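Now for the letters of each chain:
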Protein chains: 2
Amino acid sequence: MLRLSKLTDYAVVVLVRLARCDEVQTAPGIATATGIPEPTVSKVLKALASGGLVVSQRGARGGYRLMRSLNEVAVSAVITAIDGPIALTACVEGSVGGCEAENLCPVRGRWDPVNEAIQSALSAITLADMQEAAMVRSFPLVLEPARLESSRLDPTRAVS
Amino acid sequence: MLRLSKLTDYAVVVLVRLARCDEVQTAPGIATATGIPEPTVSKVLKALASGGLVVSQRGARGGYRLMRSLNEVAVSAVITAIDGPIALTACVEGSVGGCEAENLCPVRGRWDPVNEAIQSALSAITLADMQEAAMVRSFPLVLEPARLESSRLDPTRAVS
DNA sequence: ACAAACAGGACCGGAGGGGTCCGCTTAGTC
DNA sequence: GACTAAGCGGACCCCTCCGGTCCTGTTTGT
Ligand code: FES
Ligand code: FES
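Note that the structure is a prediction, hence the values are computed from the model and not measured.

Undergrad: I tried to follow the overall build of chain A on my own but got confused; where do I start?
TA: Check the secondary structure of chain A and you find six helices and two strands. Traced from its N-terminal end to its C-terminal end, chain A shows the element sequence α-α-α-β-β-α-α-α. The burial tally for chain A puts 49% of its 160 residues in the buried class. A fraction of 61% describes how many contacts in chain A between residues 6 or more apart in sequence connect residues 24 or more apart. In the form shown here, chain A has an accessible surface area of approximately 7,800 Å², with 53% of it arising from carbon and sulfur atoms.

Undergrad: What am I meant to see in the pairing of strand E1 (residues 54–57) of chain A here?
TA: Regular strands place side chains that alternate from one sheet face to the opposite one. All names here are of chain A. As paired strands, E1 and strand E2 (residues 63–66) are joined by four bridges and run antiparallel to one another. Note that in E2 the partner of Val 55 across the bridge is Arg 65. In textbook terms, the turn of a hairpin is the stretch between consecutive antiparallel strands, and for E1 and E2 this stretch comprises five residues, one of which, Gly 59, has a positive phi near 80°.

Undergrad: Could you clarify how one ought to interpret the protein's contact with DNA strand C in this entry?
TA: Lining the immediate environment of DNA strand C, one finds 24 residues, of which Lys 6 and Arg 58 of chain A together with Lys 46, Ser 56 and Tyr 64 of chain B sit closest. Side-chain polar atom of Lys 43 of chain A to a base nitrogen of DNA strand C: 2.9 Å apart, as the coordinates give it. Residue Ser 56 of chain B places a side-chain N or O atom 2.6 Å away from a phosphate oxygen belonging to DNA strand C. By residue class, the composition of the surface near DNA strand C is nine nonpolar, nine polar and six charged.

Undergrad: Would you mind going over the protein's contact with DNA strand D with me for this structure?
TA: Neighbouring residues of DNA strand D: 23 residues in total, closest Ala 27, Ser 56 and Tyr 64 of chain A together with Ser 5 and Lys 6 of chain B. Interatomic distance of 3.4 Å between a backbone N/O atom of Ala 60 of chain A and a base nitrogen of DNA strand D. Looking at the surface near DNA strand D, the elements with two or more residues in it are helix H2 (27–34), E1 and E2 of chain A together with helix H1 (6–18) and helix H3 (38–50) of chain B. Residue composition of the surface near DNA strand D, by class: nine nonpolar, nine polar and five charged.

Undergrad: Quick question: what am I supposed to make of the side chain of Thr 80 of chain B here?
TA: Considering the arrangement of structural elements, one finds Thr 80 of chain B in helix H4 (residues 75–83). According to the relative accessible area criterion, Thr 80 of chain B is buried, its value standing at 16%.

Undergrad: Would you explain the environment of Ser 76 of chain B in this entry?
TA: Residues and elements named next belong to chain B. In this fold, Ser 76 is placed in helix H4. For Ser 76, a relative accessible area of 9% translates into the label buried. Along the primary structure Ser 76 and Pro 39 are separated by 37 residues, whereas in three dimensions their C-alpha atoms are 24 Å apart.

Undergrad: Could you clarify how one ought to interpret the packing of H4 of chain B against helix H5 (residues 112–123) of chain B in this entry?
TA: In a packed pair of helices, the relevant descriptors are the angle between the two axes and the axis-to-axis distance. All names here are of chain B. Viewed as axis vectors pointing N to C, H4 and H5 meet at an angle of 115°, and their least axial separation amounts to 6 Å. Contacts between H4 and H5 pair Val 75, Ser 76 and Ile 79 from the former with Gln 119, Leu 122 and Ser 123 from the latter. Its residues assigned to classes, the contact of H4 with H5 comprises three nonpolar, three polar and no charged.

Undergrad: Honestly, unusual backbone geometry in this entry has me stumped. Any pointers?
TA: Phi angles above zero are rare outside glycine, and Arg 61 of chain A is one such case at about 60°. Structurally, Arg 61 of chain A can be placed in the loop between E1 and E2.

Undergrad: Honestly, the nonpolar core in this entry has me stumped. Any pointers?
TA: One recurring pattern in soluble globular proteins: nonpolar side chains tend to sit buried together. Counting residues in hydrophobic clusters, the biggest one holds 84 residues, and the most contacted among them are Leu 48, Val 78 and Leu 122 of chain A together with Leu 48, Val 78 and Leu 122 of chain B. Contacts of Leu 122 of chain B, omitting those with residues within four sequence positions, involve Leu 2, Val 114 and Ile 118 of chain A together with Ala 74, Val 75, Ser 76, Ile 79 and Ile 86 of chain B.

Undergrad: Can you help me understand the confidence of the model for chain A in this one?
TA: Detailed reading of the predicted coordinates is not advisable wherever pLDDT is low. All names here are of chain A. On average, chain A scores 74 in pLDDT, and the residues at 70 or more come to 67%. Note on residues 93–101: pLDDT under 50 across the span, and seven contacts to partners over four residues away in sequence or across chains. This stretch, residues 136–160, has a pLDDT under 50; its non-local contacts, to residues over four places away or in other chains, come to 39 contacts.

About the thresholds
- Residues numbered from 1 in each chain as written.
- Chains lettered and ligands numbered in written order.
- Predicted model: local features only at pLDDT ≥ 70, side-chain atom pairs only at ≥ 80, totals over all residues.
- Heavy atoms only, no water.
- Helix = DSSP H or I, 4+ residues; strand = E, 2+ residues; numbered from the N terminus.
- Buried < 20%, exposed > 50% of the residue type's maximum accessible area, 1.4 Å probe, protein only.
- Contact = heavy atoms within 4.5 Å.
- Areas by Shrake-Rupley, 256 points an atom, 1.4 Å probe, with all protein chains shown as cover.
- Pairing = 2+ DSSP bridges.
- Near = heavy atom within 4 Å.
- Polar contact = N/O pair within 3.5 Å; in protein donor to acceptor, adjacent residues only side chain to side chain.
- Nonpolar A, V, L, I, M, F, W, Y, C, P; charged D, E, K, R; others polar.
- Axes fitted to C-alpha atoms, helices over the stretch in contact; angles between N-to-C directions.
- Core = buried A, V, L, I, M, F, W, Y, C linked by side-chain atoms within 4.5 Å.
- pLDDT = per-residue confidence, 0-100.

The structure is reproduced here in structure tokens:
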């Protein structure tokens, strides 16, 4: 299902919340505002801070503050900050030793183009797009979508 | 890391192998040819058959055969057949009850555009592209890549 | 009738991720 | 200068999911 981690979802929630004012906001405050348990918020914010998406202010009256505005933050940046670099399979470039029978394998590193395509798509969407998406419902997908060739199979057609 | 399941990787291997001749090929045969353990090959082929990517011939002298040629099969079709419909988070359309505090949550279903973008990117790449990719190494990414804006952060720059 | 192959499950073990907690450091405040 | 409110870094556990295997039908050529 290509599921991305739930922490990334939380990260987006936190970032959007963080964008509502440019004052510093404490992790407990964000926790109560969003309903996400406080230790989890803390963990997410720590990851985002080390990823350079937010800046932290230590000490009393400390908290977190956005580093860039939402339309400067790509979704791929959030995913990278939380889940590490995007690597679809264990056999992408790097991590050479991970695969058994890699001399026989006929797809040595062929996922790389797919990987890059996804990264491109994710880099083209910013968090501002995402929050806009929920307001203008059923909007027609900002970036050029590379010609989605409508649904080859899957009779259930669960679009998600 | 946006990891996709290893079974999908195997599926691509199997499909590419299956394309080498249009005769039916048995699951044990493919297993020995690719080095993938036989029960796993069987499972993958079953999923692909139910997804409509291969057709099966039962009985003695049975086996599997490709239904479409490789350049007619999008990567998204393979992923959908193996891993089910692509759903980045638990909170995409459908599966309404899965999320706690969904009335508070400010990103209700905002992953949908991201989801569709990925699906578009994945639908634009066919298996033929993938096998071509490994031959013409470092090829410049067939589909228009929506302007990947080069690497905001991550000093390590692990591209994969 | 036999054998070879697929079909459709059940089943199990390990890895990974969500979630929590604790001790330490920093910096405002009184 | 002491206190306190926050972040920082890491260790930790538990649960879920996935990879991998196996077994019992069912089909079909020989
Ligand atoms: S599956 Fe790893 S190199 Fe092919
Ligand atoms: S996180 Fe599930 S609806 Fe927002």
